[in-house]
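# A look at the structure
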Amino acid sequence: MRIGFQREIQYRTRAFLMLFGFMVEPIIYLAVWTSVAEAQGGQIAGLASGTLAAYYIVWTLVRVFNLAFAPDAWEWRIRRGRMNEFLSQPIHPFHRDFTMFAGGKFVFTLLWIPVAFFLTVLFDPVFEWAVINVVGFVLAIWGGFAVRFVMLYLLGMINFWTTRGSAVFGIFIASELILSGRLVPLELMPDWVESLAAWLPFKWTFQFPIDTLIGRLDPAEIVTGIGMQALWAVGVGVIFALVWKRAIRRYGAVGN
Amino acid sequence: MPHPVEAPVVVDGLTKTFKVPVREAGLGQSLRSLFNREFKNVEAVNEISFTLDPAEIVGFLGPNGAGKTTTIKMLTGLLYPTGGEARVLGYQPWRREKELLRRIALVMGQRNNLAWDLPAVDSFELNKAIYGVPTKEFEERKTAYIDVLDVGDIVTKPVRNLSLGERMKMEIVASLLHGPEVLFLDEPTIGLDVTMQRRLRQFILDYNADTGATVLLTSHYMADVSAMVSRVIIIDHGSILYDGPLSRLSERFSAHKMIRVEATDLPDDLARYGRVIERSPARVSIEVRRDEVSAVAGHLLEVATVTDLAIEETPLEDVIDRVFTGKDHDPTTS
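What comes next concerns the included structure.

Parameters and conventions
Residues numbered from 1 in each chain as written. Chains lettered and ligands numbered in written order. Predicted model: local features only at pLDDT ≥ 70, side-chain atom pairs only at ≥ 80, totals over all residues. Helix = DSSP H or I, 4+ residues; strand = E, 2+ residues; numbered from the N terminus. Buried ≥ 20, exposed ≤ 12 C-beta atoms within 10 Å, placed from the backbone. Pairing = 2+ DSSP bridges. Axes fitted to C-alpha atoms, helices over the stretch in contact; angles between N-to-C directions. Contact = placed C-beta atoms within 7 Å. Core = buried A, V, L, I, M, F, W, Y, C linked by C-beta atoms within 7 Å. Expected span 1.5 Å × (residues − 1). Bend = angle between axes of the 7 residues up to and from the residue.

Residues and elements named next belong to chain A. By the secondary structure assignment, Leu119 is in helix H6 (residues 93-123). Residue Leu119 is classed as buried on the basis of its 23 C-beta neighbours within 10 Å. For Leu119 and Ile27, which are 92 residues apart along the polypeptide, the C-alpha to C-alpha distance reads 8.6 Å.

Time to look at the sheet that holds strand S3 (residues 57-61) of chain B. Residue and element names in this part refer to chain B. Strand order in the open sheet formed by 6 strands is S5-S6-S7-S3-S8-S9, and the pairing between neighbours is mixed. The sheet is open, and its two edges are formed by strand S5 (104-108) and strand S9 (239-245), each paired on a single side. Between one strand axis and the next, the sheet turns by 15 degrees as a mean value, whatever way the strands run. By the bridge criterion, 5 bridges tie strand S6 (residues 182-186) to strand S7 (residues 214-218) in an arrangement that is parallel. Directly across from Leu185, in S7, lies its bridge partner Leu217.

With that settled, consider the sheet that holds strand S11 (residues 275-280) of chain B. All names here are of chain B. In space, the 4 strands of this open sheet follow the order S11-S12-S10-S13, with antiparallel pairing throughout. Because the sheet does not close on itself, it has two edges, and the strands there are S11 and strand S13 (306-313). Taken over all neighbouring pairs, the strand axes of this sheet differ in orientation by 15 degrees on average, direction set aside. When S11 meets strand S12 (residues 283-289), the two strands line up antiparallel, connected through 5 bridges. Looking at S12, one finds that Ser280 is bridged to Arg283. In this fold helix H10 (residues 293-303) packs onto strand S10 (256-263), S12 and S13, with an angle of close to 170 degrees to the strand it touches most, S13.

Moving on, we come to the nonpolar core. Of all hydrophobic cores here, the largest spans 79 residues; its most connected members are Val58, Val173, Phe184, Leu216 and Leu217 of chain B. For this core, the element with the most residues is helix H6 (residues 164-176) of chain B, which contributes 6 residues. In this view, Phe184 of chain B contacts Ile72, Leu75, Thr76, Ile104, Leu106 and Leu216 of chain B; residues no more than four positions away in its chain are not counted. With 56 residues, the next largest nonpolar core counts Tyr55, Tyr56, Val107 and Trp232 of chain A among its residues.

Glancing now at helix H11 (residues 219-250) of chain A. All names here are of chain A. In this model H11 runs 46 Å from its N-terminal to its C-terminal C-alpha over 32 residues, within 8% of the 46 Å that 1.5 Å per residue would give. Along its length, H11 reaches its greatest deviation from straightness, about 25 degrees, at Trp244. Along H11, the residues classified as buried are Ile222, Gly225, Ile226, Gln229, Trp232, Ala233 and Val236. The elements touched by buried residues of H11 are helix H7 (131-156) and helix H10 (207-214).

All we've got here are geometric facts, nothing functional implied.
Dropping the structure here:
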């Protein structure tokens, strides 16, 4: 974890630019949806423009927080023979990657503070929080990272069967965009999308941590959400463990 | 009765077959392969067996694609074999048990295992945590290795700013900090200049002498082989062609020796003695059959005014080449 922290510190400008880049996406969403809300008398689907602003400001932190090891990076790792390094050490690659990414989150959080300040001045967000929301958010944002990390790690296993697994990652991102609350809060989507999202893991990685901090969830909903994150993380983790055993047998150890 | 020391590496009938897709060139074949993909089995390693003794340094030699790296990958748990058995420090390597991985090391030349953006010392710390090296041992080894390799001034530079030679030194240090008992070195000196090669060779020899670690080394540089190993295993097309002392390799695979003579009045018909490799007015090198060396040397001393005469084994590179090509093998030896 410390190496992950040090790596992001080493490249703090890159980290800051990355964070700055992530602002573009929510600013576009913000501009669109606050305009729509104002055109409809200040609210859209029960969400006031101030709440939407809070949603997308927290979105920026959740987005950088749930950055995880992407499946196409597995493709690179396998094709370039870099897996050898990870497999020859007495530590599971999952452990190494998870802690490495987790370490970087502390740097991103520090760099996020000025970004959040800038967006707050610009968009005048409205938060309605209590202590439970802040405490719940700290757990939920890590939970969201864990769920997304393990899902992408599982997806990365495809590369052990075919070294051209990027296409599947594209499908994942498209699904996530619609079903997680990343594009818009799920209340603004058709009912069937909202219903479908409840059965899938995506919303627990995006909208749930955001809603927790901006004060749209009561304590029972926060506890339930964290429970759902734990269920998804453990469930997908068990599947990953089973797939990993087969994947590693298939590993061709290409390259050096 | 003393308990016999178990061999750290035991390989018995180890086999690895890869299934690889094949198709002819051309668009038609490309389309055909969409519906009817053909595969070919490639036997990378074919029922090889050998044992490495404690503290032994063994050269594992062969041309590209011979099966060296595949064997090393199986012995370090990176690849599952198709058949056969292997034990490294008593463990089946492809089970990848942490206890085994903590006690071995794999170093591959020109392969960066260090955190690219950070100074090597940070990677050393990472390895300390991964391998669970006690702080005292870690600090002692780190200080000693940095001192011996004279890298004190570069361990704090980001790895991306190091030259290949400097990086390779860091790789070696990082690989040895946990004190591995078996060391697999896959072309560790590839791409390095002569001075750096010599320095790394000496470092590995010292490590072997100090710790009693067993080393399996692959290298295409015969300087590595002749300086470090006393025993070689030669593999080609997945099968072992020779396993024995380096000193007997020439005897077995080269039916010739080289006679180098410096003389003033050499006869013209030197070809009758053997193959003339090099000739100038005062100097000649002739490749002569092993059983005729004494007679030829004696005759040359009689007919010419010889100022210097040396009888040498065929260079190791040539011997190895002959092993692979099957040329010049003396059938009377085995």
